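Understanding the architecture of this molecule
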Amino acid sequence: LSDGEFDEQKWKTGRYAIVTTGYLELRGMETDEDVLYRPGDMVTFTAKDHNTGKTEKREYEVMAVGSLPETLDKQSSFYFDSTVIIPETEYFGLTENRKALSVMINAGEGKYDEVSEKLSDIIAPEPGIYLKSIESLRAEYEDFTRMIKIVGGSLCTILGLIGILNFVNSVVTGIVSRKRELAVMNAVGMTGKQLSSMLMWEGVSYAVLTALTSVILGTPLCYAVFNFIITTR
């Protein structure tokens, strides 16, 4: 619940509802202007009897503003998303539809395979019914993380090769451009071994500075991007 409190005694009267509404892209970042209902507001339902054609209106006071856990929600979303939770007795009084939007089943320890097999046999003749289990969700997550690893690894490899080529190019260009400087150093007594050692340590210092910069700046950036992908997922 994000606003208001749940009162079990009031809930049993059947006159109250829990509501969640908002725009999809604002979910989790709503301001006071984006909240459409607050505790104390009234919500009106209109139900039509298809046999008699009569309509019935019922009003419910908003007890609290909140939402169901994702595992219990309808597993779908729209640009403008609205959910109203009312007591079961009130729902059955408004409609003759007894079909559940979703059903949650908890399998006992060691019974998962048995329950999963029975459920698969039950829903097989019904193409409009979908079964999601903890194993299927885990498989989806593993597929998603595998894709991230493949894409991320490929990009890192490509960027690494580009970095190495740029580094080699910079070193070679530096040697060519400093040919006169190196010739002067050789003329004043610097041996070829000393020149090679100097150039090697210059390359090492560039590599160390590059690695430190990548770790200091790249790690927070990668973490921010990865966290953004996970939260939006």
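1. Quick look at the overall build of the protein chain
- Secondary structure assignment for the protein chain yields 6 helices and 5 strands.
- For the protein chain, the succession of helices and strands along the chain, N to C, is β-α-β-β-β-β-α-α-α-α-α.
- Taking all 233 residues of the protein chain together, 15% fall into the buried category.
- Taking the contacts inside the protein chain whose residues are at least 6 apart along the sequence as the reference set, 62% of them involve residues at least 24 apart.
- Working note: accessible area of the protein chain is about 18300 Å², and carbon and sulfur atoms make up 60% of it.

2. Details of the side chain of Glu90
- Here Glu90 shows up in helix 2 (residues 88–94).
- With relative accessibility at 11%, the residue Glu90 sits in the buried group.
- A polar contact of 3.0 Å, which involves the side chain of Glu90, links it to the side chain of Arg15.
- Only 2.6 Å separates the side chain of Glu90 from the side chain of Tyr60, close enough to count as a polar contact.
- Leaving out residues up to four positions away in the same chain, Glu90 has contacts with Gly14, Arg15, Arg58 and Tyr60.

3. So, the nonpolar core
- Counting 9 residues, the largest nonpolar core consists of Ala17, Val19, Val43, Ala47, Tyr60, Val62, Val65, Ile86 and Leu94.
- Counting only elements with at least two residues in this core, the list comes to strand 2 (16–23), strand 3 (42–48) and strand 4 (55–65).
- Per-element tally for this core: the top contributor is strand 4, with 3 residues.
- Apart from residues no more than four positions distant in its own chain, Val62 is found in contact with Ala17, Val19, Tyr37, Arg38, Pro39, Gly40, Asp41 and Val43.

4. Comments concerning the pattern of salt bridges
- The tally for this structure, following the rule as stated, stands at 6 salt bridges.
- Residues Lys12 and Glu8 are paired through a salt bridge, measuring 3.7 Å at the closest nitrogen-oxygen approach. Taken as a pair, Lys12 and Glu8 lie in helix 1 (residues 8–12) at a separation of 4 residues, close to a single helical turn.
- Overlapping salt bridges bring together Arg15, Arg58 and Glu90 as one network.

5. Concerning the side chain of Thr145
- Inspection of the secondary structure assignment puts Thr145 in helix 4 (residues 134–177).
- Using a relative accessible area of 17% as the deciding quantity, one classes Thr145 as buried.
- Only 2.9 Å separates the side chain of Thr145 from the backbone oxygen of Glu142, close enough to count as a polar contact.

6. Thoughts on the packing of aromatic side chains
- On inspection of all chains with the given rule, the structure shows 2 aromatic pairs.
- Taking 5.6 Å as the distance between ring centres and 50° as the angle between the ring planes, the aromatic pair formed by Phe6 and Trp11 counts as tilted.
- Looking at Trp11, the relative accessible area reads 16%, which means it is buried.

7. Some thoughts on the confidence of the model for the protein chain
- When pLDDT is averaged along the protein chain, the result is 77; 82% of the residues meet or exceed 70.
- Below a pLDDT of 50 lies the segment residues 24–28, which in the model reaches 7 contacts outside its immediate sequence neighbourhood of four places, other chains included.

What counts as what
- Residues numbered from 1 in each chain as written.
- Predicted model: local features only at pLDDT ≥ 70, side-chain atom pairs only at ≥ 80, totals over all residues.
- Heavy atoms only, no water.
- Helix = DSSP H or I, 4+ residues; strand = E, 2+ residues; numbered from the N terminus.
- Buried < 20%, exposed > 50% of the residue type's maximum accessible area, 1.4 Å probe, protein only.
- Contact = heavy atoms within 4.5 Å.
- Areas by Shrake-Rupley, 256 points an atom, 1.4 Å probe, with all protein chains shown as cover.
- Polar contact = N/O pair within 3.5 Å; in protein donor to acceptor, adjacent residues only side chain to side chain.
- Core = buried A, V, L, I, M, F, W, Y, C linked by side-chain atoms within 4.5 Å.
- Salt bridge = Lys/Arg side-chain N within 4 Å of Asp/Glu carboxyl O.
- Phe/Tyr/Trp six-rings, centres within 6.5 Å; stacked < 30°, edge-to-face > 60°.
- pLDDT = per-residue confidence, 0-100.

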